[in-house]
Amino acid sequence: MSAQDMLLRLALARKTFRLDVDCALPAHGITCVFGPSGSGKTSLLRCIAGLERAAGTVRIADAVWQDDAQGVFVPTWKRPLGYVFQEASLFDHLDVRGNLDYGAQRAGAAERRIALAAAIELLGIGDLLARPTHELSGGERQRVAIARALAAQPRVLLLDEPLASIDIARKQDILPWLERLRDELALPMVYVTHSADEVARLADTLVVLERGRVASTGPAARVLARTDDAALWGDDPGALIDGTLALRDGRWHLARVDFPGGSLWLRDDGVAAGQRARLRVLARDVSIATREPEGTSIQNLLPCTVQHIAADAHPSQLLVRLACGETTLLARITARAADSLGLATGMPVWAQVKSVALVQ
Ligand SMILES: Nc1ncnc2c1ncn2[C@@H]1O[C@H](COP(=O)(O)OP(=O)(O)OP(=O)(O)O)[C@@H](O)[C@H]1O
């Protein structure tokens, strides 16, 4: 644990629920908090913000917001944080500019103008400033809400399912803005979601909550490679692979992403060679062969070693963790197939990857 971490040690007892969290997270990038309904995601954010009084410690880098042992509890209004809710809670009697000015009032006078201009630019809302807020789309409202939160110069941005009430098309509009914030601001974000897609796209670090406790936490790709809590992901367990776009094949409109341990081809969506690329490979799109497949239309074939075989949500299926060099893949296969192939831990096999998506 270092002064660059966020330290969250929080215990909150309600009649029928107990939040009990103790973790140190990086104080940079996006930490997604994922878990089923009622697992305590919103409660955790509220405790970080001081909106709810848990017992424990909250430290964001070197700023101590709560330390019960030292008798420290900084009230919410004195904590430099931004809080973005599921529904953008804008002031409808003010236009966009008025809402942003309100946010900026929380910053010191010297920082105010610069913070506001940067937030407007970062969220691409310069054209909306004179608009009444009731004329904005859901996605635009959320961008204004995020800009307003940024204008207050927060040390951390807390986002509680900010895309949950936005339709799928608008989500695709707003996700790149969130990625931009992550890439351009040195501002840690704690992002609550129960969307596996949002986790795949945004998470640097992942905290999985189950019944108020941390079921697993760590770098997103590592947490997603676990097989023991795969049931939480429903139909969508899958691996995240961080690599580099190495090659574009203009003839076939394909691109190759290289990662430690191998490479995968996928359709060329115009990402330049040399760029960082994050891939998501769903377990249901990976099958296993004990010999190198021939005469197959599947072109992504990776030599791997079976690392772990786990039960899946349905008894007919198994989840197999495969090591491909330093990279991990998950494969969902039937128990009968595993039996007839004689699959066992340590066995060399071939992974056949039917489909792979570029998520970043
Ligand atoms: N103000 C409250 N008083 C009493 N119990 C509450 C209160 N708010 C939430 N709870 C309970 O605490 C538990 C955790 O709720 P919380 O809202 O943190 O979960 P969540 O993971 O954010 O859920 P969701 O994904 O449905 O938003 C639930 O059992 C909920 O019913």
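It should be emphasised that the depicted structure is a prediction, and the values quoted were computed from it without experimental measurement.

A. Representation of the nonpolar core. If you look at the biggest cluster of nonpolar residues, it comprises 49 residues, and the most contacted ones within it are Leu100, Ile146, Leu157, Leu178, Leu181 and Leu206. A total of seven residues in this core trace back to one element, the largest contributor, which is helix 4 (residues 138–151). Within the second largest apolar cluster, 30 residues are counted, among which are Leu8, Phe17, Ile48 and Val58.

B. Local environment of the packing of helix 2 (residues 96–104) against helix 4. Running from N to C, helix 2 and helix 4 point in directions that differ by 30 degrees, and their axes come no closer than 7 Å. With respect to each other, helix 2 and helix 4 are oriented roughly parallel. Considering only the axes of helix 2 and helix 4, their crossing is right-handed. Contacts from Val96, Asn99, Leu100, Gly103 and Ala104 in helix 2 reach Val144, Ala147, Arg148 and Ala151 in helix 4. Residues that form the contact of helix 2 with helix 4 fall into these classes: six nonpolar, two polar and one charged.

C. Representation of the sheet that holds strand 15 (residues 276–282) in the model. Sheet architecture is open: five strands sit in the order 14-13-12-15-21, paired in antiparallel fashion. The open sheet has two edge strands with one neighbour each: strand 14 (262–267) and strand 21 (357–358). In the sheet, strand 12 (residues 238–249) pairs with strand 15 via seven bridges, with the strands oriented antiparallel. Following the sheet pairing, Thr244 is matched in strand 15 by Arg276.

D. Local environment of the UniProt feature "domain: Mop" (unreviewed entry) in the protein. According to UniProt, the "domain: Mop" (unreviewed entry) feature falls on residues 295–360. Taken end to end, residues 295–360 comprises 11% helix and 55% strand; its first and last C-alpha atoms sit 32 Å apart.

E. Local environment of the layout of surface pockets. Taken as a whole, the second largest pocket spans an internal volume of roughly 310 Å³. Lining the second largest pocket are Ile168, Lys171, Gln172, Leu175, Ser195, Asp197, Glu198, Arg201, Arg280, Ala357, Leu358 and Val359. Class assignment for the residues of the lining of the second largest pocket results in five nonpolar, two polar and five charged.

Parameters at a glance
Residues numbered from 1 in each chain as written. Predicted model: local features only at pLDDT ≥ 70, side-chain atom pairs only at ≥ 80, totals over all residues. Heavy atoms only, no water. Core = buried A, V, L, I, M, F, W, Y, C linked by side-chain atoms within 4.5 Å. Buried < 20%, exposed > 50% of the residue type's maximum accessible area, 1.4 Å probe, protein only. Helix = DSSP H or I, 4+ residues; strand = E, 2+ residues; numbered from the N terminus. Axes fitted to C-alpha atoms, helices over the stretch in contact; angles between N-to-C directions. Parallel < 35°, antiparallel > 145°, perpendicular 65-115°, else oblique. Left-handed = near helix turned anticlockwise from the far one by under 90°. Contact = heavy atoms within 4.5 Å. Nonpolar A, V, L, I, M, F, W, Y, C, P; charged D, E, K, R; others polar. Pairing = 2+ DSSP bridges. UniProt positions renumbered as here; feature names shortened; annotations may be inferred. 1 Å grid on protein atoms, 1.4 Å probe; cavity = no way out; pocket = protein on both sides within 12 Å on 5 of 7 lines; lining within 4 Å. Points joined across faces, edges and corners; volume = space filled by probe spheres on them.

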